[in-house]
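# An overview of the molecular structure
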Amino acid sequence: MKDSVIKLNPVSMMKNPVMGIVEIVTLITSLIVLGDLYSGKSFSYDGQITCWLWFTIIFANFAEALAEGQGRAQAESLKKNRSEAFAKKLHADGSSERIPALQLRKGDIVIVEDGDPVPGDGDVVEGAALIDESAITGESAPVIREAGGDRCGVTGGTRVLSGTIKVKITTNPGETFLDQMIAMVEGAKRQKTPNEKALNILLIGLTVTFIVVVITLKYFAGYMNVIVGISTLIALLVCLMPTTIGGLLPAIGIAGMDRLLRHNFIATSGRAVEAAGDVDVVLMDKTGTITLGNRVATDFLPADESDKKTLVNAALLSSLADETPEGRSIVILAKEQLGVRGRDIRAPEGAIFFPFSADKRMSGINWNGHKIMKGSSAAIHDFVISNNGRVSEKIQKITADVSREGSTPLLVAEDDKVLGVIRLKDVLKEGIKGRISQLGQMGIKSVMITGDNPLTAATIAAEAGIDDFVAEAKPDIKLDLIRKYQSKGHLVAMIGDGTNDAPALAQADVAVAMNAGTQAAREAANIVDLDSNPTKLLDIVEIGKQILITRGSLTTFSVANDVAKYFAIIPAIFVTQYPNLSVLNIMNLSSANSAVLSAVIFNAIIIPMLIPLALRGVRYKPATASTLLRRNLLIYGLGGLVVPFAGIKLIDLIISSLGLV
Amino acid sequence: MLQVKRAVIVFVSFSLLCGLVYPLGITAIAQILFPYQSRGSLLISGNQCIGSELIGQMFTSPKYFHGRPSATDPAYNAGGSAGSNLGPSSAQLLEQVKERIAEMRRENGLSPATPVPADMVLASASGLDPHISMRSAMLQVRRVAGERGLPEAEVELLLRHYVETPLLRMWGQERVNVLRLNMALDTRGNNHTIN
Amino acid sequence: MIITDLIPVLVLPCVLTVLAIFLGEYMAKVFNGERTLLTPLLNSPEQFLYKIFGVNKNDEMSWKTYSWAFIVFNIIGIVALFLLQILQGFLPFNPQKLGPVHWDIALNTAISFVTNTNWQAYSGEQTMSYLTQMMGLTVQNFLSAAVGIAPAIALIRGFARKETSTLGNFWVDLTRSIIYILLPLTLIWSLVFVSQGVVQTLHPQIDALTLEGQKQIISVGPVASQEAIKQLGTNGGGFFNANSSHPFENPTPLTDFMAVLGLLLIPAALPFTFGAMLKNRRQGWAIYASMLMLFIIGVGLIIGTEVQGNPLLEKIGVMGGVNMEGKEVRCGIINSVLFAQSTTATSCGAVNSMHDSLMPLSGLILIFNIAIGEVIFGGVGTGLISMLAYAVLTMFIAGLMIGRTPEFIGKKLESFEMVMSIIIILSPALLLLVLSSIAISTQAGLSSLNNMGSHGLSEILYAYASTAGNNGSAFGGLNAGTLFYTLTTSLAMLVGRFSTVIPALAIAGFLATKKIVPAGIATFPTTGVLFIVMLVSVVVIVGALTFFPVLTLGPFIEHLQIFAGKAF
């Protein structure tokens, strides 16, 4: 509340031209009231109008202050951990020094050990550690961050649980993503987004129109022998001006940023958030976004149907030494099928393990002179042949079938004999299908990028409901793909985390980087997802759309309100001289003064009444554009037409029964 | 500067094309194809031009059908067309109309309560309207016939002969050309006296 | 009123639509430089003209060059027409020996005809020599129409093209407008007019001796040729003072029909040209349908108010209170108001009845038609331009309400487009309010009034609406020949014209550089009923919000008073 009064400073008011002009004309009516006081005239009417005009401005400022306050609180809570932190800065000679985190500069290297807070945003340059990011993301499971690769980014405010890492600080204090975000919710430093600017132009256009209408009305009325008081003219002007949207516009933008923060996004530009509403193509990596990231064994397909147990046993034994996720999934599935639980399985005595290696593409065990191996179709092929065996036609057929279905076949062999096939399947993330179909409903085309062969890619795409995919993709294909879509006029969103994603992120219109991703990726992006959850893109799109819809709806509402205000005020001004005009007084307001005052009061209190809507945003449900528009036009257009008639009438009843006029 | 020079050339070329070639060309074609119309649909009697069949004339004599009130100065000034431009709430207009109504009723022997057709008491747009409505003409038949000593039926028959109908019965109004009707009356009248 | 009286109201839109589709498609071909029916006949004259002009028809212009050419050409037109009027006394084709036109009238007239307004602060038959009528006024009737069409075509190109900085060539568009479109059409119209009795002669005025033996001087002149382009080019400046109510300009119902059809034709065809050049014909239909809807609503209202009659007249004995003041018998009520609606909906301004004498609410509708910016078909070219500016505004709001940054036909709408659209829509409207308020509160303004009370306010309002909207029709009672009015209306006409065309070219220039966003299910289809209804609503609401108070004080109070039995 205090902020809304501080904001009355005319200089800061002019940043919002609509409300700035309201303030100027309100000052004029205030002077008139002072004049009335001085000359001892009755100032009840002028005074009440002036009072309500001031309320109009304060309500508008209050809306902005409220939104700012919420945003700041959100950001401050994220920031708090860090400002109090200390850092162990590493000097070139290897010695370290304890300094406040705020003194860190870009390029400094700090050591972070068990239990230390990470003092600033940066990249791990040495070591690996388990980090608790719950302070930022709210996610309790700790994550691993290590030097090199795509999981090297750390954020200030998080805490190392175990391990020691050297972190190269990548941002100066005050320039971190969080700081940028805070700047975006603070009115004073806030840059207007392009769409806000365009809307402001419309609002200024309307304001200028009404200024001209009201000033010229004085002369037209004069010709018609009616003298209209300045206060009444100003009341008319303020009522006609788009004060509802003008007052709530900053709050809508700030509240949008708040909502982003609450979803654990940090946006570096308002433009990106608005553009998110327009995105019509999304590029997604298959791994980690659409699928769990690892293939999982789902079936054992024995060569000989009666001997399935042998196959399962063999698969289990040969996979014990396979530490890859695929290998572990085979162990889990096998245990399940054999009915053994927990850690009952122990490696047989005297067995020799052949651990999985990427170049051999096999793992296995040598036990009692038998070699039991599991691996890719080609590797097992070679293995069996080297043991003078051969792969039976049945196995070949099963292998081919599994491949055709888009899964990956692994073969299990004992010496010269192939026992059967393990089916490895990509498993979709939970809920991904629903989210992708929601994207479709929003008119957003989803494109999956994968290194898999086209067959596998097609299977996954079909299963997840993806519109299009690029198979056997090399890393640099993303950039080309984005350019291709953009040249056709599409707006492309992309989610990335790796260093080699950075160029594509920089090219994309909406680029979301995982917080866990590399610094390069984060810098190229314009939105950072603190949760590192790629499916949350949908939330960004929704928030972007909500901001725009709220602006549009309130503009419509504001303009539609003018109709009723005209019907209240115009007959009120002229009815004494031209009694016939009472036909326009369709609300049957009690008196001329009451009509004007009721319109002004309605105009003022509609602002605080709409603050919750401005902060929450107009509800958005994926639907076709026409449906959305029809619905919003009905609510805010037609509603804007009708509501003030009822509202003004009601206020008129109240103030006339209170004897205020 | 290039565009300025070009603009002058374009302007002069089109001035010649649209300002001389076109109107003079149309004039030439019109004079050949429609000599009567293009020269003003003039009615000639002997060597004297009586007027144009499209341009109304002032008739005050009771033996003629009267045309519409004209707001030009003087009335039916075909060198300076104009309407009254009086608005529908003009007291001046109401005064004028009251007078015309009284005059109309007096001339044609109508009772004081009879409503008068609008076209007879309200001024035309051009001040040169050559037409009146059928109803207005019918109201004058008795007077004209009486003045000329003709049977009303004969005048009415002549009148019906000069009724012009709307285009394809839908565009425009049914109307009577006052000048042509009066000329016809004169011709008929002359014949009458001769016979 | 009998139901058959309404047949013209139904026939006109049908005939208009059919012809507009054909003409619209034809114009698209013409401006795309494709082969048309008339190409074999007109190609060599076209090439010949380019040779004289030193124009290479493939030279493309940026929006700035295009605007510059437009401005220069208009200035030359104003200067030339001004000089022609001042010097007409020394020049040929002046059988009536008319002297020089007074400077302020000459300036007003020059601006008026160059800006396609054709506001006439003079009486044609008594002021202008035949040479001035032909070489000055007729020429500008063509040129002002052609330079109106050209920027509209440039704007269409701005929407249709992508990632380019050019909009076509002004001289080429101008030339094609004249020789492929205006001249062929005027040829047809002129001959129909002449056949019906519209005069076309270089003879001086005719001295007649009336049946009652009085002298009658009958003005004639090369009327038909000018009449044709006056209607087709939405110019509206009559050869005679009484304009299309004069029997020599509009002698029969057929000429009346052709006149109304002519003034609507090109503005109605341009939306189809838009659709064809955009290769999105449904879009052209949507714009056309919006215009037609506004037109029909207006016709309905104006017939309603005018047919109701004037109770003041009925009371004193006029049959049915029929308001025949300022109307011709051959047109009657229906065709008079249909003409009035058409001429104010387009920026034509020709009249076959005196608008000053229409019922107050009819006058209100006419003022509204003009004051919303001449978008119901509008002027040739400028009508489409202004309607597209409204469409930009509409789609800005609509875009927001569906949660996308706004776009229209695949072009993103940003601050620049908003600024320019708002200038196009609001500057004539605001200027007309400002100038009217000055006129209404000064002696210079009030002394020209012919009617008092609210009707006087309407007269002034109409004058500035008409000039700022480049319409040219008038509540003729106002004496527009005073220095105050010649200068203020000149200003209104200049602002009305240039604040429409130059921002439109700027928009075109910016849009042309943009990509075209492909339509999907999240984009709002701008070809459907919802778009049409929304566009129409935006036009009406913007107009209503701007003019509610002043129209209440003017025509509406007059209406209430008439029905309360009060006169002034």
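Source: prediction; values computed, not measured.

## Side note on the overall build of chain A
Within chain A, the regular secondary structure consists of 22 helices and 22 strands. Computed over its C-alpha atoms, the radius of gyration of chain A comes to 34 Å, more than 25% above the 26 Å expected for a compact globule of 661 residues. Long-range pairs, those at least 24 residues apart, make up 69% of the contacts in chain A with a sequence separation of at least 6. Within the structure as shown, chain A displays about 26,900 Å² of accessible surface, and the carbon and sulfur contribution to it stands at 57%. On chain A, the mean spot of the 66 positive side-chain charges and the mean spot of the 68 negative ones are 4 Å from each other.

## Quick notes on the packing of helix α13 (residues 360–371) of chain C against helix α19 (residues 529–563) of chain C
Residue and element names in this part refer to chain C. One way to put it is that α13 packs onto α19 with a least axis distance of 9 Å and a crossing angle of 160 degrees. Judged on the interaxial angle alone, α19 and α13 are roughly antiparallel. Considering how the two elements wind past one another, α13 and α19 form a crossing that is right-handed. Between α13 and α19, the residues in contact are P360, L361, L364, I367, F368 and A371 and V540, G543, A544, F547, L551, P555, F556, E558, H559 and I562, respectively. Split into classes, the residues belonging to the contact of α13 with α19 amount to 13 nonpolar, two polar and one charged.

## Here we look at the packing of aromatic side chains
This model, assessed by the stated rule, comprises 31 aromatic pairs over all chains. When the ring of C:F73 is compared with that of C:W171, the centres are 5.7 Å apart and the planes differ by 75 degrees; the resulting orientation is edge-to-face. Taken together, the residues span a long stretch of sequence, with C:F73 in helix α3 (residues 63–87) and C:W171 in helix α7 (residues 170–196) at a distance of 98 residues. C:W171 matches C:F73 in its accessibility class, with the two residues each being buried. Here A:K484 stacks its cationic end above the ring of A:Y485, 5.6 Å away from the centre of that ring.

## Examining the pairing of strand β20 (residues 492–496) of chain A
Residue and element names in this part refer to chain A. β20 sits mainly inside the fold: five of its five residues count as buried. Pairing analysis gives three bridges linking strand β11 (residues 281–285) to β20, with the strands arranged parallel. If you follow L283 over to β20, its bridge partner there is M494. Across four bridges, the pairing between β20 and strand β21 (residues 510–514) is parallel. Bridge pairing links G496 to A513 in β21. As a crossover connection, the stretch from β20 through helix α18 (residues 502–507) into β21 is right-handed.

## Some details on the interface of chain B and chain C
Contact with chain B, which involves 100 residues of that partner, is made by 115 residues of chain C. Summing both partners gives a buried area of about 8,300 Å² for chain B against chain C, and 68% of it is carried by carbon and sulfur. Linking chain B with chain C are one salt bridge, by the criterion used here. B:D129 is the salt-bridge partner of C:R330, the closest N and O atoms lying 3.8 Å from each other. The tally of links from chain B across to chain C stands at 39 residue pairs in polar contact (both at pLDDT 80 or more). For the side of chain B that touches chain C, the elements supplying multiple residues, two or more each, are α1 (2–33), α2 (35–38), β2 (48–52), α3 (91–108), α4 (118–121), β3 (131–132) and α7 (178–194) of chain B. No other element matches α1(B), which puts 24 residues into the side of chain B that touches chain C. Taken together, the residues of the side of chain B that touches chain C break down into 52 nonpolar, 36 polar and twelve charged.

## Focus on the pattern of salt bridges
All names here are of chain C. Counted according to the given criterion, the structure contains 33 salt bridges over all chains. E414 is the salt-bridge partner of K514, the closest N and O atoms lying 2.7 Å from each other. Here the residue K514 occupies a position in the loop between α18 (483–513) and α19, and E414 occupies one in the loop between β4 (411–412) and α15 (415–440), the gap between them amounting to 100 residues. Using a relative accessible area of 12% as the deciding quantity, one classes K514 as buried. In this structure E414 comes out as partly exposed when scored by relative accessible area, which is 37%.

## A look at the arrangement of the chains
Most contacts, compared over the two pairs of chains touching, are made between chains B and C. One finds no contact between chain A and chain B; the C-alpha atoms of the two approach each other to within 15 Å at their closest.

## Observations regarding the confidence of the model for chain C
Do not read the fine detail of predicted coordinates wherever pLDDT is low. All names here are of chain C. Scored by pLDDT, chain C has a mean of 92; 99% of the residues are at 70 or more. Considering each helix and strand of chain C separately, the mean pLDDT is smallest for helix α5 (residues 124–127), with a value of 78, and largest for α7, with 96. For this predicted complex, the interface score ipTM comes out at 0.93, alongside a pTM of 0.88.

## Details of a positive patch on the surface
A cluster of like positive charges, contributed by A:K15, A:K192, A:K197 and A:R271, occupies part of the molecular surface. A:K197 gets classed as partly exposed once you look at its relative accessible area, which sits at 43%.

## Structural notes on the environment of B:Q57
Topologically, B:Q57 is positioned in the loop between β2 and α3. A residue is classified by how much of its surface remains accessible, and B:Q57, at 2% relative accessible area, is buried. Between the C-alpha atom of B:Q57 and that of B:S89, which follows or precedes it by 32 residues, the distance is 28 Å. Leaving out residues up to four positions away in the same chain, B:Q57 has contacts with B:I50, B:G51, B:Y76, B:L179, C:T210, C:L211 and C:Q216. Of note is the side chain of B:Q57, whose polar atom sits 3.1 Å from the backbone nitrogen of C:L211.

## Some thoughts on the interface of chain C and chain A
Taken together, the contacts link 58 residues of chain C with 61 residues of chain A. The junction of chain C with chain A conceals about 4,900 Å² of combined surface from both sides, 77% of it contributed by carbon and sulfur atoms. Taken as a group, C:M401, C:L545 and C:F548 account for 16% of the area that chain C buries against chain A, more than any other trio of residues on that side. The interface formed by chain C and chain A holds one salt bridge in total. Close ionic contact of C:K412 with A:D278 constitutes a salt bridge, the shortest N to O distance being 3.0 Å. The tally of links between chain C and chain A comes to nine residue pairs in polar contact (both at pLDDT 80 or more). Among the secondary structure elements, those contributing two or more residues to the side of chain C that touches chain A are α14 (382–401), α15, α17 (453–468) and α19 of chain C. Counting residues per element, the side of chain C that touches chain A draws most heavily on α19(C), at 15 residues. For the side of chain C that touches chain A, the residue count by class is 40 nonpolar, 13 polar and five charged.

## Points about the side chain of A:D562
Position of A:D562 relative to the elements: it lies in helix α20 (residues 537–574). Buried charge without a salt bridge: A:D562, with A:K565 as the nearest opposite-charge side chain at an N-O distance of 4.1 Å. Leaving out residues up to four positions away in the same chain, A:D562 has contacts with A:F210, A:C239, A:L240 and C:L545.

## Here we look at a nonpolar patch on the surface
Residues and elements named next belong to chain C. Nonpolar side chains collect at one region of the surface, where I75, V79, L83, L87, F90 and L91 lie side by side and expose about 570 Å² of accessible area between them. For F90, the location among the structural elements is in the loop between α3 and α4 (103–114). Note on F90: relative accessible area 72%, which makes it exposed.

Quick notes on the rules
- Residues numbered from 1 in each chain as written.
- Chains lettered and ligands numbered in written order.
- Predicted model: local features only at pLDDT ≥ 70, side-chain atom pairs only at ≥ 80, totals over all residues.
- Heavy atoms only, no water.
- Helix = DSSP H or I, 4+ residues; strand = E, 2+ residues; numbered from the N terminus.
- Rg over C-alpha atoms; globule rule 2.2 N^0.38 Å.
- Contact = heavy atoms within 4.5 Å.
- Areas by Shrake-Rupley, 256 points an atom, 1.4 Å probe, with all protein chains shown as cover.
- Lys, Arg positive; Asp, Glu negative; His and termini not counted.
- Charge placed at Lys NZ, Arg CZ, Asp CG, Glu CD.
- Axes fitted to C-alpha atoms, helices over the stretch in contact; angles between N-to-C directions.
- Parallel < 35°, antiparallel > 145°, perpendicular 65-115°, else oblique.
- Left-handed = near helix turned anticlockwise from the far one by under 90°.
- Nonpolar A, V, L, I, M, F, W, Y, C, P; charged D, E, K, R; others polar.
- Phe/Tyr/Trp six-rings, centres within 6.5 Å; stacked < 30°, edge-to-face > 60°.
- Buried < 20%, exposed > 50% of the residue type's maximum accessible area, 1.4 Å probe, protein only.
- Lys NZ or Arg CZ within 6 Å of the ring centre and 35° of its normal.
- Pairing = 2+ DSSP bridges.
- Right-handed = clockwise from strand over helix to strand, strands pointing away.
- Buried area = accessible area lost by both parts, 1.4 Å probe.
- Salt bridge = Lys/Arg side-chain N within 4 Å of Asp/Glu carboxyl O.
- Polar contact = N/O pair within 3.5 Å; in protein donor to acceptor, adjacent residues only side chain to side chain.
- pLDDT = per-residue confidence, 0-100.
- Patch = residues over 30% accessible without salt bridge, like charges linked within 9 Å, V, L, I, M, F, W, Y side chains within 5 Å.

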